[in-house]
Amino acid sequence: MRVAVDEDRCIGAGQCELAAPEVFEQDDEGLSRASDPEPAQALWQQVRQAADLCPVQAVLLTGTTGTAPSEQQREAG
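Once a new chain begins, its residue numbering starts again from 1 and follows that chain's sequence as written. In keeping with the model being predicted, local features are shown solely for residues with a pLDDT of at least 70 and side-chain atom pairs are shown and tallied solely at 80 or more, while totals for entire chains, interfaces and linings include all residues. The basis for the side-chain values is all heavy atoms of the structure; hydrogens and waters are excluded.

### Description of the overall build of the protein
Line of reasoning, step 1. Labels follow the DSSP assignment, with helices taken as runs of H or I lasting at least four residues and strands as runs of E lasting at least two, numbered in each case from the N terminus. Check the secondary structure of the protein and you find 3 helices and 4 strands.
Line of reasoning, step 2. Helices and strands appear in the protein in the N-to-C order β-α-β-β-α-β-α.
Line of reasoning, step 3. Burial classes follow relative accessibility: with a 1.4 Å probe on protein chains only, a residue under 20% of its type's maximum area counts as buried, one over 50% as exposed, and anything between as partly exposed. Taking all 77 residues of the protein together, the buried fraction comes to 31%.
Line of reasoning, step 4. Residue pairs at least 24 apart in sequence account for 56% of intrachain contacts in the protein once pairs closer than 6 positions are excluded. We call two residues in contact when some of their heavy atoms are within 4.5 Å.

### Some details on unusual backbone geometry
Keep in mind that most residues, glycine aside, have a negative phi and that most peptide bonds are trans.
Line of reasoning, step 1. A positive phi angle is found at Gln57, which is not glycine, with a value near 50°.
Line of reasoning, step 2. Topologically, Gln57 is positioned in the loop between helix H2 (44-53) and strand S4 (59-62).
Line of reasoning, step 3. On the accessibility criterion, Gln57 (48% relative accessible area) is partly exposed.

### Remarks on the side chain of Ser32
Line of reasoning, step 1. By secondary structure assignment, the location of Ser32 is in strand S3 (residues 32-34).
Line of reasoning, step 2. Residue classification places Ser32 among the buried positions, given a relative accessible area of 5%.
Line of reasoning, step 3. Once residues lying within four places of it in the same chain are set aside, the contact partners of Ser32 are Val5, Cys10, Cys16, Glu25 and Gln26.

### Regarding the environment of Leu31
Line of reasoning, step 1. Relative to the assigned elements, Leu31 resides in the loop between strand S2 (24-26) and S3.
Line of reasoning, step 2. C-alpha separation for the pair Leu31 and Val5, spaced 26 residues apart in sequence, amounts to 9.2 Å.
Line of reasoning, step 3. Setting aside chain neighbours within four positions, we find Leu31 in contact with Cys10, Ile11, Gly12, Glu25 and Gln26.

### Points about empty space enclosed by the protein
Line of reasoning, step 1. The rule is simple: put a 1 Å grid over the protein atoms alone, call a set of points where a 1.4 Å probe fits but cannot get out a cavity, call an open set with protein on both sides within 12 Å along at least five of seven lines a pocket, and count a residue as lining if it has an atom within 4 Å of a point. Grid points are joined across faces, edges and corners, and a volume is the space filled by probe spheres set on the points. Taken as a whole and assessed by the stated rule, the structure comprises 1 cavity of 30 Å³ or more.
Line of reasoning, step 2. Space inside the largest cavity adds up to approximately 80 Å³.
Line of reasoning, step 3. In terms of lining, the largest cavity is formed by 13 residues, of which the most central are Cys10, Ala13, Gly14, Cys16 and Cys54.
Line of reasoning, step 4. Classifying every residue of the lining of the largest cavity gives 9 nonpolar, 4 polar and no charged. Under the scheme applied here, ten amino acids are nonpolar (Ala, Val, Leu, Ile, Met, Phe, Trp, Tyr, Cys and Pro), four are charged (Asp, Glu, Lys and Arg), and all others, including Gly, are polar.

### Section: the confidence of the model for the protein
Line of reasoning, step 1. In the predicted model, the protein carries a mean pLDDT of 87, and 82% of its residues have values of at least 70.
Line of reasoning, step 2. Predicted confidence for residues 66-77 stays below pLDDT 50, and this span has 12 contacts to residues more than four positions away or in other chains. pLDDT measures the predictor's confidence residue by residue and takes values from 0 up to 100.

### Concerning the pattern of salt bridges
Line of reasoning, step 1. What makes a salt bridge here is a side-chain nitrogen of Lys or Arg within 4 Å of a carboxyl oxygen of Asp or Glu, nothing more. Inspection of the entire model under this criterion finds 3 salt bridges.
Line of reasoning, step 2. For Arg33, the salt bridge goes to Glu25, with nearest N and O atoms at 2.4 Å.
Line of reasoning, step 3. The partly exposed category is assigned to Arg33, whose relative accessible area is 40%.

What follows is the structure in structure tokens.
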């Protein structure tokens, strides 16, 4: 999974940093950025929560179907 923050959309609400502090941080202007653009699989749930909580949908996720491979196997079985 890759994660980024759309700087044009971000309003600095900080919900992403609260949900996944290992992945997001706010800069000097109060806007968020992805400090870890390729988080470990163990953090994916928190990153997805951060994306869901963003009031302006500035958290962008790519390179995943939304579930970790182990979750996909459980869903298929």
